[in-house]
Amino acid sequence: MTDNFNRRDVLRAAVAGAAVFGTGTAAYAQSTWPTKPVTMIVPFPAGGGTDAFARPMAAQFTRLAGKSLVIDNRGGAGGTLGAGIAAKAVPDGYTLFMGAVHHTIAPSMYPRLDYNIETDLIPLILVASVPQVLVVNPKNIPGAGFKEFMAQVKANPGKLNYGSAGGGTSHHLAGELFKQQSNTFITHIPYRGAGPALNDLIAGQVDMMFDGLGSSAGHIKGGRIKALMVSGPKRNPAFPDVPCAAELGMPDYNVTTWYGVWAPKGTPADAQARAIEEIRRAVSTDEAKAVWANQGAEFANVSGAQFDAFVKGEVRKWAAVVKASGAKLD
């Protein structure tokens, strides 16, 4: 129902996008951007999924472009606070914004946003996608696996809780969708980002999360939290021992978290083109590829008009999901 990242369509768009972008790149090949450090606003605290991709990308960007890409974490309001700041930034090419699927959900959850994701920010490039994963604190949720987990949830309606990166994020909607499809009741605990929620999950302050695999990967491998299910129709290559939703009797539970880069409206075209080029180069390095693979992520390499069309489609899709699920801000 919520396969909000159709890989076949996006990869098909990537091929077309590469051709379109190729002509644009030649036109701006002599651009001097960047001539000074570039700030990238990340609208969640450090330690979350967006951060998990932004920082390795920034390191490679800095190495290859010769100018620093500085991460500025601005968490709050499910990622919308930082998005609003980015939308109002001076459009001189030296402020970028790394958002996520959450920002296409927000218009349906926050009726009075002070920005419009479709008109106030320019989509540059889609940089990563990861499946959602159900992770639990093994002390709070003892047992061998998903079957035992479901028995505990159904025996204790409302007593167990799940943390999220904030109301209206994909973590929140993934939890609500799980409750709807499994006919269970789990209490939602919103945080200011996935990082703080994960910290409390590890500490046992919350019982579980429906998290993007990127931010949970290290903690799963370190044994601090336990993965019970990865969303979608197949297992993730980075975690082959974690069963997928389809094989656990939830074939329609398919939620993917994706991350992309935007620029404020009015950013010069040459800076946009060079930013796409430099980000593409950064994510294509062996170092970045290793990070992406370790976190079970894919780089779709969709940019420009194709990414813009994808974002608009996501806004419409999530509006329908929010309406059908009855999800509300707590």
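Because the structure is a prediction, the values reported are computed rather than measured.

## Brief notes about the pairing of strand E9 (residues 256-264)
- The buried fraction of E9 amounts to 9 of the 9 residues, a majority that puts the element mostly inside the structure.
- Judged from the 4 bridges that link them, strand E3 (residues 95-100) and E9 form a sheet pairing that is antiparallel. Its bridge partner being in E9, Met98 is matched across the sheet by Val261.
- Where strand E4 (residues 121-136) meets E9, 9 bridges bridge the pair, whose relative direction is antiparallel. Its bridge partner being in E9, Ser129 is matched across the sheet by Trp258.

## Some points on the environment of Lys67
- With respect to the helices and strands, Lys67 occurs in the loop between helix H2 (49-65) and strand E2 (69-73).
- As a C-alpha pair, Lys67 and Ile202 span 135 residues in sequence and 36 Å in three-dimensional space.
- When sequence neighbours within four positions are dropped, the list of residues in contact with Lys67 reads Pro34, Thr35, Lys36, Phe61 and Thr62.

## Notes on the pairing of E2
- When strand E1 (residues 38-42) meets E2, the two strands line up parallel, connected through 5 bridges. Along E2, the bridge assignment pairs Ile41 with Asp72.
- Remark: the E1/H2/E2 crossover connection has right-handed handedness.

## Topic: the nonpolar core
- Grouped together as the largest cluster of nonpolar side chains are 49 residues, with contacts concentrated most on Met40, Met57, Leu96, Met98, Val127, Val261 and Ile279.
- Broken down by element, this core gets its largest block of residues, 7 residues, from E4.
- Counting residues in each nonpolar core, the second largest holds 48 residues, with Ala87, Leu134, Ile186 and Phe210 among its members.

## Things to note about the packing of aromatic side chains
- Going through the model one piece at a time under the given rule, you end up with 15 aromatic pairs.
- Seen in terms of ring centroids, Phe178 and Tyr253 are 5.9 Å apart; in terms of plane orientation they differ by 85°. Their pairing is edge-to-face. Taken as a pair, Phe178 in helix H6 (residues 170-182) and Tyr253 in the loop between strand E8 (226-230) and E9 lie far apart in primary sequence, 75 residues in all.
- With a relative accessible area of 2%, Tyr253 lands in the buried category.
- Members of the aromatic cluster, joined through ring pairs, are Phe146, Phe149, Tyr162, Phe178, Phe210 and Tyr253.
- Seen from the ring of Tyr94, Lys36 lies directly overhead, with NZ or CZ sitting 4.8 Å from the centre.

Criteria and cut-off values
Residues numbered from 1 in each chain as written. Predicted model: local features only at pLDDT ≥ 70, side-chain atom pairs only at ≥ 80, totals over all residues. Heavy atoms only, no water. Buried < 20%, exposed > 50% of the residue type's maximum accessible area, 1.4 Å probe, protein only. Helix = DSSP H or I, 4+ residues; strand = E, 2+ residues; numbered from the N terminus. Pairing = 2+ DSSP bridges. Contact = heavy atoms within 4.5 Å. Right-handed = clockwise from strand over helix to strand, strands pointing away. Core = buried A, V, L, I, M, F, W, Y, C linked by side-chain atoms within 4.5 Å. Phe/Tyr/Trp six-rings, centres within 6.5 Å; stacked < 30°, edge-to-face > 60°. Lys NZ or Arg CZ within 6 Å of the ring centre and 35° of its normal.

Note that every value here comes from positions in space, so none of it alone points to a role or purpose.
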